[in-house]
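# Coordinate inspection notes
For reference, the chains in residue letters:
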Amino acid sequence: MKLAYDEFGSGARTLVLLHGFPLGRAMWTEVARDLGTSARVIVPDLRGHGGSPSPAGPYTMDALADDVLELADHCGLTQPFDLGGLSMGGYVALAFAAVHPQRLSSLILCDTRATADTAEAAAGRETLAAKVESSDSVEPVVEAFLPKLLALSAYDEKPDLVAKVRAMMAQQPATGVAGCLRAMARRADHSGLLKTLDFPILALVGEADRITPPDDARAMSASARRGTLEVIDGAGHLTSLEAPAATADAIRRFLQSIS
Ligand code: MLT
């Protein structure tokens, strides 16, 4: 599937950044601009989001990863590239790494986890997907996710950011949102994968992330052969939006350390 994408900057390395659910590529814009001063940065809308196609679901993480492979080929990435993903973007990055490790020079896993959903969490997502489908509206997802996405303090202190995140969610198509909920519910457990990968892996997390807390990032960096951990002060689950400069600095430090 042909994905819509933005491209920033140039440099010896190419970094592809995958967004979280249900937000779209704009969540990476500030970080990508910053990193674009020293790298080529490609930021797609995943299937079911923004300017990319939203066919009827359910989707699978493998299908979303195949879309990223097609994008990499379309962008001429013949050399191994750096692949980053935030939350659902991290699930897609892990699905990609499981099948195409030879295409990658590093993995950057932001506010995500390598484990699958518990049975309870998966059932909750299936119920939510059914609500989105029956109402043909993403509002049930906005209601369920918006209160958890940012650091608690942001809801009082950063009303503009809360409104921006709400607007990003509200503009996603209902078919795509339901398709991705089902893909997340059915995703594989990749916790055993990280120790098999021999390229560097960065686990980055907001210290106040309540969806994929710092312990998930610690577990990923500890199980990787060449793992690094970065905890972003004061940020919740959406580090790229809550602390874009610190997030870009951490990613840049990591990329410089492996160059
Ligand atoms: C995301 O930010 O992509 C989602 O919160 C991921 C999830 O619900 O597991």
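In what follows, the accompanying structure is described. Here the structure is a predicted model, which is why all the values come from computation and not from measurement.

All right, on to the pairing of strand β3 (residues 40-44) then. Most of β3 is tucked away: 4 of the 5 residues are buried. Strand direction decides the pairing type here: strand β1 (residues 5-8) and β3, joined by 4 bridges, are antiparallel. Directly across from E7, in β3, lies its bridge partner I42. Pairing geometry for strand β2 (residues 14-18) and β3, over 3 bridges, is parallel. In the strand pairing of β3, L15 is matched with V41. A crossover links β2 with its parallel partner β3, the connecting element being helix α1 (residues 29-35), and its sense is right-handed.

The next point concerns helix α3 (residues 88-99). Look at α3: 17 Å from first C-alpha to last across 12 residues, which is about the 16 Å you get at 1.5 Å a residue. For α3, the tally of buried residues reaches 10 of 12 residues, placing the bulk of the element in the interior. When α3 is considered as a whole, its buried residues turn out to be M88, G89, G90, Y91, V92, A93, L94, A95, F96 and A97. Along its buried surface, α3 packs onto β2, α2 (61-74), β4 (81-86), β5 (104-110), α4 (119-135) and α8 (174-185).

Overall, mixed pairing links the 7 strands, which are arranged β1-β3-β2-β4-β5-β6-β7 in an open sheet. Of all strands in the sheet, those bounded by a partner on one side alone are β1 and β7 (227-232). Adjacent strand axes in the sheet meet at a mean angle of 15° when their direction is disregarded.

Here the amide bond leading from F21 into P22 is cis, since omega sits at -15°, within 30 degrees of zero. For P22, the location among the structural elements is in the loop between β2 and α1. Going from G57 to P58, the amide bond is cis rather than trans, its omega being -5°. In this structure, P58 sits in the loop between β3 and α2. Although it is not a glycine, D111 sits at a positive phi angle of roughly 45°. Within the secondary structure, D111 is located in the loop between β5 and α4. Phi at D136 is positive, roughly 50°, even though this residue is not glycine. Here D136 shows up in the loop between α4 and α5 (139-149). A residue is classified by how much of its surface remains accessible, and D136, at 61% relative accessible area, is exposed.

For the rest of this paragraph, the subject is α2. For an α-helix the count is 3.6 residues per turn, leaving residues at separations of three or four pointing the same way. Between the first and last C-alpha of α2 there are 20 Å, a value that for 14 residues agrees with the 20 Å anticipated at 1.5 Å per step. Within α2 the residues assigned to the buried category are M61, A63, L64, A65, D67, V68, L69, L71 and A72. Looking at the buried residues of α2, the elements they touch are β1, β2, β3, β4, α3 and α8. Downstream of α2 by one or two residues, G76 has phi in the positive range, about 75°.

In the contact formed by α4 and α5, the axes pass within 8 Å of each other and the chain directions differ by 145°. Here R125, L128, K131, V132 and S135 of α4 come into contact with α5, specifically with P140, V141, A144 and F145. Of the residues belonging to the contact of α4 with α5, the class tally is 6 nonpolar, 1 polar and 2 charged.

Rules behind the numbers
Residues numbered from 1 in each chain as written. Predicted model: local features only at pLDDT ≥ 70, side-chain atom pairs only at ≥ 80, totals over all residues. Heavy atoms only, no water. Buried < 20%, exposed > 50% of the residue type's maximum accessible area, 1.4 Å probe, protein only. Helix = DSSP H or I, 4+ residues; strand = E, 2+ residues; numbered from the N terminus. Pairing = 2+ DSSP bridges. Right-handed = clockwise from strand over helix to strand, strands pointing away. Expected span 1.5 Å × (residues − 1). Contact = heavy atoms within 4.5 Å. Axes fitted to C-alpha atoms, helices over the stretch in contact; angles between N-to-C directions. Nonpolar A, V, L, I, M, F, W, Y, C, P; charged D, E, K, R; others polar.

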